[in-house]
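# Chain and residue survey
Residues per chain, in single letters:
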Amino acid sequence: KTINPQINWTTDSLVYQVPSAFVIFLLASLAAALVWDRRLGKAMGMTFWESTSRNLLSFRVPDILVWVSLFAVGGAFGQQKYLVFQNVCVNLVNVLALVYFFQGLAVTKHLFTINRVSRIWQSIGFIFLFLQLFPLASVLGFSDYWVNYRVRFTKQRQSDTPFKSEN
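Presented here is a report on the structure given in the accompanying data block. Counting from 1, residues in each chain are numbered in the order their sequence is written. At least 70 in pLDDT is required for a residue's local features to be given in this predicted model, at least 80 for side-chain atom pairs to be given and counted, and no such filter applies to totals for whole chains, interfaces and linings, which use all residues. Remark: hydrogens and water are excluded; side-chain values derive from all non-hydrogen atoms of the structure.

## Notes on the packing of helix α3 (residues 64-77) against helix α6 (residues 134-147)
Helix axes are fitted to C-alpha atoms over the stretch in contact, other axes to C-alpha atoms as well, and angles between N-to-C directions run from 0 to 180 degrees. Each helix is a run of DSSP H or I of at least 4 residues and each strand a run of E of at least 2, with the numbering of both proceeding from the N terminus. Following both chains from N to C, one finds α3 and α6 inclined at 125°, their axes separated by 10 Å at the closest point. The angle between α3 and α6 places the two elements in the oblique class. For the pair α3 and α6, the crossing hand works out as left-handed. Side by side, α3 and α6 meet where Val66, Trp67, Ser69 and Leu70 of the first sit next to Phe142, Tyr145 and Trp146 of the second. Considering only residue class, the contact of α3 with α6 consists of six nonpolar, one polar and no charged. Any angle from 65 to 115 degrees is called roughly perpendicular, while one under 35 is roughly parallel, one over 145 is roughly antiparallel, and all others are oblique. When the near helix sits turned anticlockwise from the far one by under a right angle, the crossing is termed left-handed; a clockwise turn instead gives a right-handed crossing. By definition, residues are in contact when any of their heavy atoms lie within 4.5 Å. Throughout this entry, Asp, Glu, Lys and Arg are counted as charged residues, while Ala, Val, Leu, Ile, Met, Phe, Trp, Tyr, Cys and Pro are counted as nonpolar. The remaining residues, Gly among them, count as polar.

Written as structure tokens, this is what we have:
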């Protein structure tokens, strides 16, 4: 309250967000397992079966969640006389922000891969995204529904390559 006295945080408003905090914790754990399971397993001498899971670079949120997100934002930040509905919408916004953050990370990783950015700079970029630019990565993932960044980056990179003659 000392930083921004206009924010009206109460213990009740924080308690109402516990379900989304629990789901966010589970989603973050799942994401960490998907990203680091093979590397940690190899370091510990474990053997793995072949993974049939989708490539994380192509992670894309189902299209219907864009409209669910717009509905949830309207319900969370609009004037509501039903407190339970508003709390459900706030929880949805919290969870969907993390889901779109993951899609924004996939778009960023695709951009890094297309431009052949070294692993050191990728690590620095991802640390910066995690610590400072969480909202930007979430907006990037959310807007990917309309802009389709990965296709644009790939087409742009292919058009930047010099023309090879057949001689």
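Now, onward.
## Considering the side chain of Gln122
Within the secondary structure, Gln122 sits in helix α5 (residues 119-131). Of note is the side chain of Gln122, whose polar atom sits 2.6 Å from the side chain of Lys109. Leaving out residues up to four positions away in the same chain, Gln122 has contacts with Lys109, Phe112 and Val117. Nitrogen and oxygen atoms within 3.5 Å of one another constitute a polar contact, given that in protein one can donate a hydrogen and the other can accept it, and given that sequence-neighbouring residues count only through two side-chain atoms.

## Thoughts on the packing of aromatic side chains
Aromatic rings considered in pairs are described by the distance between their centres and by the relative angle of their planes. Aromatic pairing here means that ring centres of Phe, Tyr or Trp (its six-membered ring) are within 6.5 Å. Orientation follows from the plane angle: under 30 degrees is stacked, over 60 is edge-to-face, and everything else is tilted. Counted according to the given criterion, the structure contains 10 aromatic pairs. Consider the rings of Trp67 and Trp146, whose centres lie 6.3 Å apart with planes at 90°: the pair is edge-to-face. Separated by 79 residues along the polypeptide, Trp67 in helix α3 and Trp146 in helix α6 bring together distant segments of the chain. A relative accessible area of 46% places Trp67 in the partly exposed class. An angle of 75° between the planes, with centres 5.4 Å apart, marks the rings of Phe112 and Phe126 as edge-to-face. Of the two residues, Phe112 is situated in helix α4 (residues 83-114) and Phe126 in helix α5; the sequence distance between them amounts to 14 residues. An aromatic cluster is built from Trp67, Tyr100, Phe142, Tyr145 and Trp146, whose rings are joined through pairwise contacts. Throughout this description, buried means an accessible area under 20% of the type-specific maximum (1.4 Å probe, protein chains only), exposed means over 50%, and partly exposed covers the range between.

## Thoughts on the packing of α4 against α5
Put simply, α4 and α5 touch, their axes get as near as 11 Å, and they point 160° apart. In terms of orientation, α4 lies roughly antiparallel with respect to α5. Our pair here, α4 against α5, has a crossing hand that is right-handed. Between α4 and α5, the residues in contact are Phe101, Leu105, Thr108, Lys109 and Phe112 and Gln122, Gly125, Phe126, Leu129 and Phe130, respectively. Here the residues of the contact of α4 with α5 are counted per class, giving six nonpolar, three polar and one charged.

The values reported here are purely geometric and, on their own, carry no functional implication.
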